[in-house]
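Tertiary structure, described
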Amino acid sequence: MTQDLRTAIAALAPRMRDDLERLVRIPSVAFEGFDPGPVRASAEATAEILASAGFADLQLIELPGDHPAVFGRVDGPEGSPTVLLYAHHDVQPSGPEELWDTPPFEPVEKDGRLFGRGSADDKSGIVTHAAALRAFEGHPPVTVKVIVEGEEESSTENLPTLVHGRRDLLTAEVIVVADAGNWRTGQPTLTTTLRGLVDCTLEVRTLELPVHSGAYGGPAPDALVALVRMLATLHDERGNVAIEGLATEPWSGVDYPEDTYRGEAGVLPGVELVGEGPLAERLWTKPSVSVIGIDAPTVHGSRNILVDRARARVSLRIPPSEDPERALSLLMNHLEAVAPWNVRVTLKRGNPALGFAVPTGGPAHRAAREALAEAYGRDVVEVGSGGSIPLIPVLAEAFPSAELLLVGAMDERSNIHAQNESVDLTELARAALAEALLLEQLSNLSR
Ligand SMILES: [Zn+2]
């Protein structure tokens, strides 16, 4: 059977590419201010592709004020388990087109990679799901459901309604989220942790109004100086996060070599990295805090005054299992406690996002490891994600007994959300083979 699937996927390569090119040509940006027409067109194209792959019951799921999601299902043999496949058909805006080497919504192949917005994130996921089903000629060994969301990149507001409101429709024993990817091209990978995210805005006031720094400077504190002193307490002298009480979690997956990290993050030569412990831990399972904006007089046009008020937005990434509400309270308590000179402090909470640690001990995870290893000819590695994916905790909450698998055809060169996004076409075929092999393996799971 493995050989049959391998042969089938190899024969499907041109079809996968056609499907992907068709989808990439549709600028399905679901952001406010963009034409919603193409998002609908991409939902319709997705539905056609999935139907031609053998999915039945295709429907566009529409919530008020929402961009359409696409659902389909195909039944496996009586008593076989149900697997839900996820992807999204909306994309990030292209950003400045002059930064692209080729037009963002015109698929172009170069050196085995297909370039274009959404080629990786996440239209590759749609094509992977379609090809996995085509490999069984539309008759999979398990019941397969597919949900392709239409506003993953722009809004997570409707997501809980989409998932909780359609619980019966979406319910499954295994959920395959094809919106991640491989650590390195050709290296099969499972993403097992996601950090959460909280933020707050801090305002410091010291004076009723700005005043002449010659006439009054010296005794009266300047709000910007007070703010900077407070922000400087967020790290200790080694660069570790110094907010008392935050959890840290150990990391046991792949090692992230420092040189690789420096190169990929673009850290300037000679600039030291901050914090202690293995790099992967600092990136995926420990908290990290940064100041993402400051409101204060700009240098251009600055005058000799004492600054009466200044604001900063502080962003805190938290370990996968940390409670965001608790972390946000710790951050806000810290900032309040370190205010010097009894300055006036006002704190405003941002919207917290949950992290998640994917349970990895179950039978579907074992099956996924085997399927990925077979498809790629290499053992699987585990990586974390420094960012959050709101969908994952929502799915975990709605389907507490389902096993979640986070995979995909993206790799370290996919440049998602940026210019010149691309997917490696060989990687795309391997991802589809892995998914077909996974469906085969899951048919042995008893319900
Ligand atoms: Zn995505």
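Refer to the structure above for everything that follows.
The structure reproduced in this document is the subject of the present report. (Residues numbered from 1 in each chain as written. Predicted model: local features only at pLDDT ≥ 70, side-chain atom pairs only at ≥ 80, totals over all residues. Heavy atoms only, no water.)

**Digging into the nonpolar core**
Ranked by size, the top nonpolar core spans 61 residues in total, and within it Phe55, Val83, Val176, Leu438 and Leu442 carry the most contacts. The dominant element in this core, judged by the number of residues it contributes, is helix α13 (residues 425–442), at eleven residues. In this structure, phenylalanine 55 is in contact with Leu50, Gly72, Arg73, Val74, Leu85, His129, Leu133, Val144, Lys145 and Val146, ignoring residues within four places of it in sequence. Among the nonpolar cores identified, the runner-up in size contains 29 residues, and Ala180, Leu194, Ala396 and Leu404 belong to it. (Core = buried A, V, L, I, M, F, W, Y, C linked by side-chain atoms within 4.5 Å. Buried < 20%, exposed > 50% of the residue type's maximum accessible area, 1.4 Å probe, protein only. Helix = DSSP H or I, 4+ residues; strand = E, 2+ residues; numbered from the N terminus. Contact = heavy atoms within 4.5 Å.)

**Looking at the packing of helix α2 (residues 37–53) against helix α3 (residues 123–134)**
The interhelical angle for the contact between α2 and α3, taken along N-to-C directions, is 15 degrees, at an axis separation of 8 Å. One finds that α2 runs roughly parallel with respect to α3. Crossing geometry of α2 relative to α3 is assigned as left-handed. Along its contact with α2, which presents Thr46, Ile49, Leu50, Ser52 and Ala53, the element α3 presents Ile126, Ala130, Leu133 and Arg134. The residue inventory of the contact of α2 with α3, partitioned by class, reads six nonpolar, two polar and one charged. (Axes fitted to C-alpha atoms, helices over the stretch in contact; angles between N-to-C directions. Parallel < 35°, antiparallel > 145°, perpendicular 65-115°, else oblique. Left-handed = near helix turned anticlockwise from the far one by under 90°. Nonpolar A, V, L, I, M, F, W, Y, C, P; charged D, E, K, R; others polar.)

**Overview of the coordination of the zinc ion**
For the zinc ion, the full set of protein donor atoms is His88 (NE2), Asp121 (OD), Asp179 (OD) and Asp179 (OD), and the range of their distances to it is 2.0 to 2.8 Å. Every donor counted, the four donor atoms about the zinc ion form angles of 51 to 146 degrees at the centre, which fits irregular coordination. Between the donor residues of the zinc ion, the gaps in sequence give the motif H-x32-D-x57-D. Linking histidine 88 in strand β3 (residues 82–88) with aspartate 179 in the loop between β7 (174–178) and β8 (189–194), this pair joins segments that are 91 residues apart in sequence. The pair formed by histidine 88 and aspartate 179 is uniform in burial state, with each residue classed as buried. (Donors = N, O, S within 2.8 Å, 3.2 Å for Na, K, Ca; no water. Tetrahedral: all angles 85-135°; square planar, octahedral: opposite > 155°, others 65-115°.)

**Regarding the packing of aromatic side chains**
The tally for this structure, following the rule as stated, stands at six aromatic pairs. A ring pair is formed by phenylalanine 31 and phenylalanine 34, whose centres lie 6.4 Å apart and whose planes are at 70 degrees; its orientation type is edge-to-face. Judged by relative accessible area, phenylalanine 34 falls into the partly exposed class, the value being 40%. Plain terms: the ring middles of tyrosine 256 and tyrosine 261 are 5.6 Å apart, the flat faces sit at 85 degrees to each other, and that makes the pair edge-to-face. When the ring centre of phenylalanine 115 is taken as origin, the NZ or CZ atom of lysine 110, which lies over that ring, is 4.8 Å away. In this structure, arginine 184 packs its charged tip against the face of tryptophan 183, placed 4.1 Å from the ring centre. (Phe/Tyr/Trp six-rings, centres within 6.5 Å; stacked < 30°, edge-to-face > 60°. Lys NZ or Arg CZ within 6 Å of the ring centre and 35° of its normal.)

**A short note on the sheet that holds strand β14 (residues 344–349)**
If you trace the four strands from one edge of the open sheet to the other, you get β11-β13-β9-β14, paired in antiparallel fashion. Of all the strands in the sheet, the pair left with one neighbour each is β11 (288–295) and β14. The sheet shows a mean angle of 25 degrees between the axes of neighbouring strands, direction not considered. With seven bridges joining them, β11 and strand β13 (residues 309–318) adopt antiparallel strand pairing. Residue pairing across strands places aspartate 295 opposite arginine 311, the latter belonging to β13. Along the sheet, helix α7 (residues 223–231) makes contact with β9 (196–205), β11, β13 and β14, crossing β13 at roughly 15 degrees. Each of β9, β13 and β14 touches helix α10 (residues 324–337); the most contacted strand, β9, lies at about 25 degrees to it. (Pairing = 2+ DSSP bridges.)

**Points about the packing of helix α1 (residues 2–24) against α13**
Where α1 contacts α13, the axes come no closer than 9 Å and their chain directions differ by 135 degrees. Comparing the axis directions of α1 and α13 gives the class oblique. Here the hand of the crossing between α1 and α13 comes out right-handed. Across the interface between the two elements, Thr2, Leu5, Arg6, Ile9, Met16, Arg17 and Leu20 from α1 touch Leu425, Leu428, Ala429, Ala432, Leu433, Ala436, Leu437 and Glu440 from α13. Its residues assigned to classes, the contact of α1 with α13 comprises eleven nonpolar, one polar and three charged.

**Structural notes on the pattern of salt bridges**
The full count for this structure, using the stated rule, is 23 salt bridges. Two residues, arginine 369 and glutamate 382, come together in a salt bridge whose shortest N-O distance is 2.5 Å. Taken together, the positions of arginine 369 in helix α11 (residues 363–376) and glutamate 382 in strand β16 (residues 381–385) put the pair 13 residues apart, joining distant regions of the chain. For arginine 369, a relative accessible area of 29% translates into the label partly exposed. Overall, the relative accessible area of 16% leaves glutamate 382 in the buried class. For glutamate 427, the salt bridge identified is with arginine 430, shortest N-O distance 2.6 Å. Of this pair, glutamate 427 and arginine 430 are both found in helix α13, three residues apart, which corresponds to roughly one turn of the helix. The class for glutamate 427 is buried, based on a relative accessible area of 0%. (Salt bridge = Lys/Arg side-chain N within 4 Å of Asp/Glu carboxyl O.)

**Focus: the sheet that holds β8**
Judged by pairing direction, the sheet is mixed, and its three strands sit side by side in the order β15-β8-β16 without closing on themselves. Looking at which strands have only one partner, the edges of the open sheet turn out to be β15 (356–357) and β16. With five bridges connecting them, β8 and β16 associate as parallel partners. Note on β16: the bridge partner recorded for leucine 190 is glutamate 382. Most of the contacts of α11 go to β8, to which it runs at about 140 degrees, and overall it touches β8 and β16.

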